[in-house]
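Examining the three-dimensional arrangement
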Amino acid sequence: MFISGFLVKPRSSQNGVSKTQSAGNQRHKSSLVGTSETTCATTYPKSFCEWLAGIIDGDGSIQVSNKGYTSLEITMGLEDLRLLRYIQHMLGGSIKMRSGAKAYRYRLHNQLGMIKLMNCINGHIRHSARLLQLHRVCQVLDIPVILPITLDAQSNWFAGFFDADGTIGIAMKHRLPQLSIRVNNKLLQDVESYKVVFGGNIYFDSSQNGYYQWSVQSRKDVIMMLDYFKSSTFRSHKSRRFFLIEEYYSLYDLKAFKPDSIHHKAWLAFLDKWNKLMI
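From a predicted model like this one, the values you see are computed outputs, not experimental measurements. Along every chain, residues carry numbers that run from 1 in the direction the sequence is written. Whole-chain, interface and lining totals are the exception, using all residues; otherwise, since this is a predicted model, local features are given only for residues with pLDDT of at least 70 and side-chain atom pairs are given and counted only at 80 or more. Calculated side-chain values reflect all of the structure's heavy atoms, with hydrogen atoms and water omitted.

**Some remarks on the overall build of the protein**
Secondary structure follows DSSP: runs of H or I at least 4 residues long count as helices, runs of E at least 2 residues long count as strands, and numbering of each begins at the N terminus. Along the backbone of the protein there are 10 helices and 14 strands. Taken across its 279 residues, the protein has 45% of its residues classed as buried. We call two residues in contact whenever any of their non-hydrogen atoms come within 4.5 Å of each other. If you take every contact in the protein between residues at least 6 apart in sequence, the share linking residues at least 24 apart comes to 61%. A total of about 15,200 Å² of accessible surface is found on the protein, and carbon and sulfur atoms cover 52% of it. Burial here depends on accessible area, computed with a 1.4 Å probe over protein chains only, as a share of the maximum for the residue type. Under 20% is buried, over 50% is exposed, and the range in between is partly exposed. Note that accessible areas follow from Shrake-Rupley with a 1.4 Å probe, and for residues the cover is restricted to the protein chains shown.

**Points about the nonpolar core**
Ranked by size, the top nonpolar core spans 65 residues in total, and within it Leu 52, Leu 117, Met 118 and Ile 121 carry the most contacts. Looking at which element gives the most residues to this core, the answer is helix 2 (residues 46-59), with seven residues. Looking at which domains feed residues into this core, each of domain 1 (46-141) and domain 2 (165-277) supplies at least three. Met 118 has contacts with Ile 62, Leu 134, Val 137, Cys 138, Leu 141 and Ile 143, leaving out every residue within four places of it along the chain. Here the nonpolar core consists of buried residues drawn from Ala, Val, Leu, Ile, Met, Phe, Trp, Tyr and Cys, with membership extended through side-chain atoms lying within 4.5 Å. For every domain, the bounds stem from an assignment made automatically or drawn from a database.

**Side note on the sheet that holds strand 6 (residues 60-64)**
Two strands qualify as a pair provided DSSP detects at least 2 bridges between them. Strand order across the open sheet formed by four strands is 6-7-9-8, with antiparallel pairing between neighbours. The outermost strands of the open sheet, each flanked by one partner alone, are strand 6 and strand 8 (94-97). The sheet shows a mean angle of 25 degrees between the axes of neighbouring strands, direction not considered. When strand 8 meets strand 9 (residues 103-108), the two strands line up antiparallel, connected through four bridges. Across the sheet, residue Ser 94 finds its bridge partner in strand 9, namely Arg 107. Only the stretch in contact is used when fitting a helix axis, every axis being a line fitted to C-alpha atoms; angles between N-to-C directions are given from 0 to 180 degrees. In the packing of helix 2 onto the sheet, the strands contacted are strand 6 and strand 7 (70-77), and the crossing angle to strand 7 comes to about 80 degrees. Where helix 4 (residues 111-121) meets the sheet, its contacts fall on strand 6, strand 7 and strand 9, and the angle it forms with strand 7 comes to roughly 70 degrees.

**Examining the sheet that holds strand 12 (residues 176-185)**
Reading across the sheet, the four strands line up as 11-12-14-13 and stay open at both edges, with antiparallel pairing between neighbours. Edge positions in the sheet fall to strand 11 (166-173) and strand 13 (201-205), since each has one partner strand and no second. Ignoring strand direction, the axes of neighbouring strands in this sheet form an average angle of 35 degrees. Contacting strand 11 and strand 12, helix 6 (residues 157-165) crosses the sheet at an angle of about 100 degrees to strand 12. The sheet strands contacting helix 9 (residues 245-253) are strand 11 and strand 12, and the helix crosses strand 12 at an angle near 150 degrees.

Everything listed is a geometric property; what it means functionally is a separate question.
Okay, here's the thing in structure tokens:
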């Protein structure tokens, strides 16, 4: 039968009633790895699908319950409720504040919504753990898995993953301000694509049980990221700082950061705007 354009293949039981396969019956079933031509056309724009896959790779989880129900969960801080509301507007689902935590959790679990979601993000998920989750969910929903495509500077996946795991900040080093754009993750392979496409460097930080950090600090590399930002849609609260990068470099060239500069008040006003964007 068809459900809103998606084909669901029923299985006849011994009593003659049609029902879909349970997760238990699919547990030992292999799942086909396909190409984009083997799946249903998505109802969402490609740019949204790439961005959403980046969000899920960073802050999401796609799961199959013990009873065979599939679901998507995305957890983000209170300041990014607007981002989660946007996802809810696009996909449906619900948002609840996590008990005892300063965060909201978005959840999608109806079957039709999950089928549409899989056909949206399939081929764009690339995080090591998330790709395994995708495979399990697609197996239950009888959807061929598409391996992640090669990223380039036009992919909106970078914007989504930055919204989830990125930061942009200014620190004083040797009495000089240093602007840096960073993305953190536990596994090296999950930040390597940033270095391949945008340059910069990757460092290992042994704190918090260890993680890898991709970072760009040179003006050339930061401007390259700024150019990407202008052509891609970021939605997290921290991404609003990208709008101030050009002002930062203008004030830096004037040495406005020096206390004796005639432009120092402008620098202090800039820092005030910079910090307020994180509230």
